[in-house]
Amino acid sequence: MAEEQKKEERKRRRHATEAAGKIGPMVKATIGGTVKAREEGKSIAYAFIVCSYDEIIRAMDIVPVWTENYAGICGAKRDATRFLEKAESLNFSRSLCTYALCGLGFDQWREDLDEMPPDAPWGGQAKPDFMLSSGQILCDPRNKWYQAVQQYMPDVPIYNVGLPWPLYEDDIKIAEVEDYYIKYIVEELRGLIKFLERQTGRKMDWDRLSELVDLGERTWSLIWETYELRRAVPAPMGTGDAMNTMVPMVFMLGTQEGYDFFLELNKELKDKIARKEGVVKDEKYRLLWGGGLPSWFALSDFNYFNSKGAVFPVETTYRMIEPIYRLNIPDTNDPIERLAWRWIRYWTYWYDKARKRPGSEPDVERLIQYIEDYQIDGIVMHEAFSCRTWHLGLIWQLNQLKKIYKPIPVLILGSNRQKKDEKRELPSLILESDIVDISSYSEVDTRNRIDAFIETLEQTKKNKV
Amino acid sequence: MTQYFAGVDIGSTMTKVVIMNKGIIASNIGPTGPEQRRLANKVMEKALKESDLPFEAITYVVATGYGRINVPFADKQITEISCHAKGVANFFPEAKTIIEVGGQDCKGIKINNGKPVDFVMNDKCAAGTGRFLEIIADALGIKIEEMGEIGLQGNNPAKISNICTVFAEQEVVARLAEGVSLNNLVAGIHESLANRVSRMVNRLHVAEEVIVTGGGAKNVGLVKALSDKLGYALAVPPEPLLTGAIGAALLGKDIADKALQDGVSLETKERSLKEIKIF
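Residues numbered from 1 in each chain as written. Chains lettered and ligands numbered in written order. Predicted model: local features only at pLDDT ≥ 70, side-chain atom pairs only at ≥ 80, totals over all residues.

Residues and elements named next belong to chain A. Pairing is parallel in the open sheet, where 4 strands are placed in the order E6-E5-E7-E10. The outermost strands of the open sheet, each flanked by one partner alone, are strand E6 (310-315) and strand E10 (428-433). For this sheet the average axis-to-axis angle between neighbouring strands, irrespective of direction, equals 30°. Summarising the sheet, strand E5 (residues 285-289) and E6 pair through 4 bridges and their orientation is parallel. Looking at E6, one finds that Tyr285 is bridged to Ala310. Contacts between helix H18 (residues 388-405) and the sheet are confined to strand E7 (378-384) and E10, with E7 contributing the most and set at about 150° to the helix. (Pairing = 2+ DSSP bridges. Helix = DSSP H or I, 4+ residues; strand = E, 2+ residues; numbered from the N terminus. Axes fitted to C-alpha atoms, helices over the stretch in contact; angles between N-to-C directions. Contact = placed C-beta atoms within 7 Å.)

So, in C-alpha cells, the structure goes:
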C-alpha cells in the first residue's frame, strides 16, 4: 500500500505556478461544501459550466454542483471506472459522453444506497434540489443527461435553458439577427429566474445580480489580461496549469474568490516574467493546445512535454473569455440583457476576422491568432473518443488550418528594418484517448507519439535555420 | 580507420539490426519476445557474427522502435518516425510520404529531405496493422507470406465491413461458408486494411513519392490495394522490414560526423553485450 502511494505521489503533476497548486484544495473544499450545504438545508443545483447563469445562481445563494467537474475529479483520481461500469450495467452505452456516464453511475449508486458510494472521491457530490441543463447548441448530453438521471431522482425537477447563437456563415450579417437571439435568451433567463424563485421560495435580488454581473465582467477582463501575460518568452505558465486555473474561471464566475484568484495569478505571472522564470528552464518549443478536453487522468503528460523543453503558453480549451471592452456590449442597466449580450458577442467574437480570410472559420481564426501572438511552433490536439462536441470540429479545424495557413506566412523585421515574408512550418500532433475513461489510454503509446512529435519539431527548427 | 554504425529497431513484433559502414554489411531479423533486452543482445550478436566484427568495432549504436529503451547498449534512442524517414530517404531521396504497416501499429510520415515534418499513428487498434493479417491468415488456414499472391488473384473482392479484428475474423469465416472464393476473400481483406490505413494517412495530405515500409510492404496484394485506394504508385524498399534500423544506423553516423565536425568527443555507452538478468 505504502509502495502504491509512493508511485501515485511520483505521478502527481508538477505545477509551474503557485496559484495552480492551490486549485486542488479549492475544488476539494467546493465539493465538500456541497455536501455540507445539503446538511445545512441550502438550495443545491446540478449545473453545467459556461451556461450564462453563473451570476444568477450566485445572486440567489444557490450552491452549484458542477457535475462534469465531478466526473473529471473521478477521472483525475483514476477512480471513474467503477461509475462508468455502473452506468454500463444500467444499459447505457460505453460510447456515450463519459462525463455523463460517470455522473449517471454515481447518482444511481448514491440513490440506491441512500448515501454516498463507498470511498466516493472527495466525499462525493450531493443530491440536488433541482437541475439546470443546457446543451447550448453544442452538446446534446447536456440536454439529455439530467433527463436520464431523473430515473433515479424522479422528484428533482429540471430547467433546460436554451442558449443559442447565430452559426457562422460568411455572408450572414450578425447585426441583422442578433436582436432575435438576445430577445430569446433574455426570455429563457427570466424563465430560469422564475423557476429558481419557485424552487427556493426566495425572490431575486436584482441589485445584487447587477453587482455580480459587473464582477463577472471585471473577472473576464482580468483573466484575459492575465492569460495574455503568457505571451512572454519564456512562458511563465502552461496549459497544464491552465487546466487547473479553469476552475475559478468557469466554476467561480460571479464570486469575489474567483476574481481574487486571478489578481493573485496576475501578480505571480508578472513576477515570474520579471525574473525571466519560465515553465521550463530551457524553453525550446512553444505549443498551442488547439482543443479537446484533456485526459484528466493523464495531466502529467504536460510535465512530460515540459521535460522535452516544450511548453504550452496558450490553449483554446477552457479559455472561455474575451476582453469585455472588445465585445462592445450595448449600454443597458438590465443585468439579464447584459448576460445575453455577453453570451452572443462571445460566441460571435471571431466571425468578422473569419470573413476576411477565404476558407476560414471563426475557430480557425482563433488558432491563427494564437499561433501568431504566442509564437507557436506546433499544435497539439486531443481527440477524446467520447466527446463528439469537440472531436468532430478538431480534425476539420486542423485540416482547414493546414489548407489556408501552412506553411505559416510570418512577417518579420529584416536586418534593414524592412518587413519581409517568412514561411514557417507548423507540425501537429493528435493525441487519442478520453476525458475520464482510462481504458482508452496507453502511457507508453502516448509518450512515444510525444517523442516523435518533439523530434519533428526539432527537425522543423533545424530546417528553418 | 573504418567506422561502423549499428541500428537496432525493436518493433512490437520483430526486432531488426543492421550494421553499416558505407553500405549494409550485416543484418538480422528475429521475433520480438517479452524479453526485449535479452533478445536485442542476441540479434546484435548474430549480426556481429555475420559481419565478423567485435562489438568494440561499432562506433555508435542507435536504438529505435517501441522497445528502444530496452536496449542497454545503445548510445542513443531515437523514435521510429525519424529513423524511418532517414532510412527511406537513403533509398528514395525524393520521398515525401511514408506508410509503415507494422506488426501492431501503422504510421504515416510526411518527410522533406529525409526529415519528418508531420506524422500520424494508429496504435490503439489491431485493425490496420499486420496483426490483422496474421489473425485472418490463421482463420483461413494459410500462411501470411502467401496472402499477397492469393489476394492478387481475386477479381471481385469481398466486402468486409467490420473494422474490429475479432469480428472481421468471424465475418471472414462466415463469407467462406457462403462460398466466397479464397482469392476474393483475401482481396477483400487487403481492401479493408487499405481503407483503414488510407483513411489515417490521408490526414497528412499524401504527396509523391510514396513509400511503403514495414512487414505490410512485403504483401504485394496489400500494396496494390493501398495504391488503388490512395491513387498513387507506391514504392517499396529492398528490405522494408529493415528501413527503421537502417535509418537508426545512418542517424548514428550523422551524430558521429557532427561530433567530429564540432571537434567534440563522441559520447558512447560501454561496449558490452552481457545478458541482462532482470527477467
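The subject of this paragraph is the interface of chain A and chain B. Every contact between the two is made by 15 residues of chain A and, on the other side, 14 residues of chain B. Secondary-structure elements contributing two or more residues to the side of chain A that touches chain B are E10 and helix H19 (443-464) of chain A.

This part takes up the packing of helix H10 (residues 206-228) of chain A against helix H12 (residues 256-274) of chain A. All names here are of chain A. Contact geometry of H10 with H12 gives a least axis separation of 9 Å together with a crossing angle of 20°. As the angle between them shows, H10 and H12 are arranged roughly parallel. Here the hand of the crossing between H10 and H12 comes out left-handed. Residue-level inspection shows Leu215, Arg218, Thr219, Leu222, Ile223, Glu225 and Thr226 of H10 in contact with H12, the latter providing Gln256, Gly258, Tyr259, Phe262, Leu263, Leu265, Asn266 and Leu269. When the residues that make up the contact of H10 with H12 are grouped by side-chain class, the tally is 8 nonpolar, 5 polar and 2 charged. (Parallel < 35°, antiparallel > 145°, perpendicular 65-115°, else oblique. Left-handed = near helix turned anticlockwise from the far one by under 90°. Nonpolar A, V, L, I, M, F, W, Y, C, P; charged D, E, K, R; others polar.)

A word on helix H3 (residues 23-39) of chain A. Residues and elements named next belong to chain A. The end-to-end C-alpha separation of H3 is 24 Å, in line with the 24 Å expected for 17 residues at 1.5 Å each. Taken together, the buried positions of H3 are occupied by Ile23, Val27, Thr30, Ile31 and Thr34. Looking at the packing, one finds that the buried side of H3 touches helix H2 (18-21), strand E1 (44-47), strand E2 (63-66), helix H5 (67-76) and helix H11 (239-251). A positive phi of about 80° marks Gly41, the residue just after H3. (Expected span 1.5 Å × (residues − 1). Buried ≥ 20, exposed ≤ 12 C-beta atoms within 10 Å, placed from the backbone.)

All names here are of chain B. You can read the domains of chain B as domain 1 (4-82 + 242-262) and domain 2 (93-236). The straight-line distance from the C-alpha centre of domain 1 to that of domain 2 is 27 Å. At the junction of the two partners, domain 1 supplies 7 residues and domain 2 supplies 11 residues. The residue makeup of the side of domain 1 that touches domain 2, split by class, is 2 nonpolar, 5 polar and no charged. (Domains from an automatic or database assignment.)

Close inspection of predicted coordinates is inappropriate for parts of the model with low pLDDT. In this model, chain B carries an average pLDDT of 89, and 94% of its residues clear a pLDDT of 70 or more. Interface confidence for the predicted complex, given as ipTM, is 0.73, next to a pTM of 0.85. (pLDDT = per-residue confidence, 0-100.)

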